[in-house]
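# Coordinate inspection notes
One letter stands for each residue in the lines below.
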Amino acid sequence: QVQLVESGGGLVQAGGSLRLSCVASGRLFRWYAMGWFRQAPGEEREFVATIAWKDGNTYYADSVLGRFTISRDNAKNTVYLQMSSLKPEDAAVYYCAADLYGKGSQETREYDYWGQGTQVTVSS
């Protein structure tokens, strides 16, 4: 069982930056691909970014490519999402998720564990 706790959300002006963090419990963190997803009101949960467990390859949604960066610190059991040049359409609840031995999937169904989410609000 893995517990994920996100933090770092908040209110930011358009064009600003935020860094989200997700801390995982347990000693197997390095074996999990970690993903960030987001969900706006009335919308489906959508893929944002992921980082594979073995080779550390990263993948991004087209809508955030070049603006967001995912990274991980296995010693701290933490995955980060650095968000820059934020737009109003980036506003959502952001969730981190863990996929054991994952290669970096964009599909929510591939992920075994989910955090509670952290709210990001972007004012125009």
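Structure shown above.
Described in the following lines is the structure provided in the data block. Please read all numbers here as calculations on a predicted model, not as lab measurements.

When helices and strands are counted, the protein shows 0 helices and 11 strands. Each helix and strand of the protein, placed in order from N terminus to C terminus, yields the pattern β-β-β-β-β-β-β-β-β-β-β. On C-alpha atoms alone, the protein measures out to a radius of gyration of 13 Å, which is about the 14 Å that the 2.2 N^0.38 rule sets for 124 residues. Over its C-alpha atoms, taken along the principal directions, the protein stretches across nearly 40 × 25 × 25 Å. The buried share of the protein, taken over its 124 residues, is 44%. If you take every contact in the protein between residues at least 6 apart in sequence, the share linking residues at least 24 apart comes to 60%. For the protein, the exposed area adds up to about 6,700 Å²; of that, 45% sits on carbon and sulfur atoms. Here the protein contributes 12 positively and 13 negatively charged side chains, and the mean placements of these two sets differ by 9 Å.

Before going further, it helps to spend a moment on the sheet that holds strand β1 (residues 4–7). As summarised here, the arrangement of the 4 strands in space is β1-β3-β8-β7, forming an open sheet in which the pairing is antiparallel. Each edge of the sheet is formed by a strand with only one pairing partner; in this case those strands are β1 and β7 (68–73). Strand-to-strand twist in this sheet, taken as the mean axis angle between neighbours without regard to direction, amounts to 15°. Across 6 bridges, the pairing between strand β3 (residues 18–24) and strand β8 (residues 78–83) is antiparallel. Bridging from a neighbouring strand, Cys 22 pairs with Val 79 of β8.

Cut-offs applied
Residues numbered from 1 in each chain as written. Predicted model: local features only at pLDDT ≥ 70, side-chain atom pairs only at ≥ 80, totals over all residues. Heavy atoms only, no water. Helix = DSSP H or I, 4+ residues; strand = E, 2+ residues; numbered from the N terminus. Rg over C-alpha atoms; globule rule 2.2 N^0.38 Å. Buried < 20%, exposed > 50% of the residue type's maximum accessible area, 1.4 Å probe, protein only. Contact = heavy atoms within 4.5 Å. Areas by Shrake-Rupley, 256 points an atom, 1.4 Å probe, with all protein chains shown as cover. Lys, Arg positive; Asp, Glu negative; His and termini not counted. Charge placed at Lys NZ, Arg CZ, Asp CG, Glu CD. Pairing = 2+ DSSP bridges. Axes fitted to C-alpha atoms, helices over the stretch in contact; angles between N-to-C directions.

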